[in-house]
Amino acid sequence: MNRAKKKLRTLNASVRACTACELHESRTYTVFGRGRSNADLVILGEAPSTQDDVQGKPFVGRVGQELEHLMRLADVDRENVYLMNVVKCRPPSNRTPTADEVLNCRHFLVKQIAAISPVVIVTTGRVASQQLNENFGSLGALRGQRFAYRGIDVYPTYHPAYVLRAPDKRELVVKDLKQAWRRVERSYE
Ligand code: SF4
């Protein structure tokens, strides 16, 4: 087992036992992450959906299918990707997590990213995109910009759930994913 996998296992056990915010009361399962433990590309969402909560996995159901489709269109190597969210328990009625909930969960996010140590993080949606940036602007303003988080390049884009509601944004997300993947490939040169 590689070192990243070991660290993630330990961290996941801490997440499963966590009761640091009220989200633990309504969760079915904690939703930690899935994919290659030492992936070069991380895709970061906001919080588990209803289906994620039931399955204990991020980006499942229709949203997950849309994300898979977007990654295929962008020629991303799916075997070299790790999927995760900012908070690990589903907010009731799929509401946006509060600032306090995000803050309570943040140490898991920071350690999880450190364990994986990717080349690029694609942040999907406003909450995820604001988490890794000093800039708390709107997603519309953040999308298309590039940031660095602890030496890792960050590419903000729209969440696949939003793409399902606004299919005209699909092209932009594919463009962002392509650029993110090209950045990963450049790291091999
Ligand atoms: Fe703990 Fe995060 Fe779940 Fe809140 S959302 S209970 S901080 S794991």
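Within each chain, residues carry numbers counting from 1 in the order of the written sequence. Whole-chain, interface and lining totals are the exception, using all residues; otherwise, since this is a predicted model, local features are given only for residues with pLDDT of at least 70 and side-chain atom pairs are given and counted only at 80 or more. The basis for every side-chain value is the complete set of non-hydrogen atoms in the structure, without hydrogens or water.

### Some words on the site of the ligand
We apply this condition: To be near a molecule or strand, a residue needs just one of its heavy atoms within 4 Å of it. Each helix is a run of H or I in the DSSP string that is no shorter than four residues. Each strand is a run of E no shorter than two, and both are numbered from the N terminus. Basically, the charged four are Asp, Glu, Lys and Arg, the nonpolar ten are Ala, Val, Leu, Ile, Met, Phe, Trp, Tyr, Cys and Pro, and anything else, Gly included, counts as polar.
Cys18, Ala20, Cys21, Leu23, His24, Arg27, Lys88, Cys89, Asn104, Cys105 and Phe108 make up every residue found near the ligand. Put simply, the parts of the chain that give the shell around the ligand at least two residues each are helix H2 (23-26) and helix H5 (99-116). Per-element accounting of the shell around the ligand gives the leading share, three residues, to H5. Among the residues forming the shell around the ligand, the class breakdown is seven nonpolar, two polar and two charged.

### Thoughts on the nonpolar core
To keep it simple, the criterion reads: Here, the term nonpolar core denotes a set of buried Ala, Val, Leu, Ile, Met, Phe, Trp, Tyr and Cys residues that are joined through side-chain atoms within 4.5 Å. Using a 1.4 Å probe on the protein chains alone, a residue whose accessible area is under 20% of its type maximum counts as buried, one over 50% counts as exposed, and one in between counts as partly exposed. We call two residues in contact whenever any of their non-hydrogen atoms come within 4.5 Å of each other.
One finds Leu44, Tyr82, Met84, Ile113, Ile121, Leu132 and Tyr149 to be the most contacted residues of the largest nonpolar core, which totals 30 residues. Mapped by element, the contributors of at least two residues to this core are helix H1 (3-16), strand S2 (41-45), strand S3 (81-85), H5, helix H6 (126-131), strand S5 (147-149) and strand S6 (152-157). With eight residues, the single largest contributor to this core is H5. When residues no more than four places from it in sequence are discounted, the contact partners of isoleucine 121 are Val42, Leu44, Ile113, Leu132, Tyr149, Ile152, Asp153, Val154 and Tyr155. One finds Val81, Val173, Ala180 and Val184 within the second-largest nonpolar core, a separate group that totals 23 residues.

### Section: the side chain of serine 129
By the element assignment, serine 129 lies in helix H6. For serine 129, a relative accessible area of 0% puts it in the buried group. In contact with serine 129, other than residues within four places in its own chain, are Thr123, Thr124, Leu139, Leu142, Pro156 and Thr157.

### Let's talk about the environment of threonine 28
Cut-off, in case you're wondering: Polar contacts here mean pairs of N or O atoms no more than 3.5 Å apart (in protein, one a potential hydrogen donor and the other a potential acceptor; neighbouring residues in sequence count only if both atoms are side-chain atoms).
Residue placement: threonine 28 occurs in the loop between H2 and strand S1 (33-35). Among the residues examined, threonine 28 registers a relative accessible area of 48% and is labelled partly exposed. Separated by 25 residues in the primary sequence, threonine 28 and aspartate 53 have C-alpha atoms spaced 5.7 Å apart. Contacts of threonine 28, omitting those with residues within four sequence positions, involve Asp53 and Val54. Within polar-contact distance, the side chain of threonine 28 engages the side chain of aspartate 53 at 2.6 Å.

### A short note on unusual backbone geometry
The phi torsion at serine 93 lies on the positive side, around 55°, for a residue other than glycine. Within the fold, serine 93 resides in the loop between S3 and H5. Positive phi values are uncommon outside glycine, yet asparagine 94 reaches one of about 55°.

### Side note on the pattern of salt bridges
This is how the line gets drawn: Here, a salt bridge means any side-chain nitrogen of Lys or Arg that lies within 4 Å of a carboxyl oxygen of Asp or Glu.
Summed over the entire model, instances satisfying the criterion amount to eight salt bridges. Between arginine 143 and aspartate 176 there is a salt bridge, with the nearest N and O atoms lying 2.7 Å from each other. Highlighted residues: arginine 143 in the loop between helix H7 (139-142) and S5 and aspartate 176 in helix H9 (residues 170-186), separated in sequence by 33 residues. Bridged by salt links that share partners, the residues Glu22, Arg95 and Glu101 form one connected network.

### Topic: a negative patch on the surface
Where we set the bar: Patches were defined on residues exceeding 30% relative accessible area and lacking a salt bridge, with like-charge contacts within 9 Å and nonpolar side-chain contacts (Val, Leu, Ile, Met, Phe, Trp, Tyr) within 5 Å. Here, Shrake-Rupley sampling with a 1.4 Å probe gives the accessible areas, and only protein chains in the shown set may cover a residue. For the purpose of counting charges, residues Lys and Arg are taken to be positive, whereas Asp and Glu are taken to be negative. His and the chain ends are not included. To locate a charge, the coordinates of NZ of Lys, CZ of Arg, CG of Asp or CD of Glu are taken.
On the surface, Asp75, Asp77, Glu79, Glu185 and Glu189 cluster together into a negatively charged patch. Mapped onto the elements of the fold, aspartate 77 is located in the loop between helix H4 (61-73) and S3. Judged by its relative accessible area of 35%, aspartate 77 falls in the partly exposed class.

### A word on H1
The periodicity of an α-helix, 3.6 residues per turn, causes residues three or four places apart in sequence to face the same way. Test applied: Multiply 1.5 Å by the residue count of a helix minus one, and that product is the helix's expected span. To obtain the arc, one takes the directions from the helix axis to the C-beta atoms.
For H1, with 14 residues, the first-to-last C-alpha span of 20 Å sits near the 20 Å given by 1.5 Å per residue. Turning to H1, its buried residues number three or more, namely Ala4, Leu8, Leu11, Asn12 and Val15. Looking down the long axis of H1, one finds its buried residues gathered within 105° of arc, a one-sided arrangement. Of the exposed residues in H1, those oriented more than 90 degrees away from the buried face are Arg3, Lys6, Arg9 and Thr10. Packed against the buried residues of H1 are S3 and H5.

### Brief notes about the pairing of S2
Going by this rule: Here a strand pair is declared whenever DSSP counts at least two bridges between the two strands.
Of all five residues in S2, five are buried, a share of seventy percent or more. Here S2 shows a buried face lined by Leu41, Ile43 and Gly45 and a second buried face lined by Val42 and Leu44. Pairing analysis gives five bridges linking S2 to S3, with the strands arranged parallel. By the bridge assignment for S3, leucine 44 is matched with methionine 84. Sheet topology places S2 next to strand S4 (residues 120-124); four bridges connect them, and they run parallel. The residue bridging leucine 44 from the neighbouring strand is threonine 123, located in S4.

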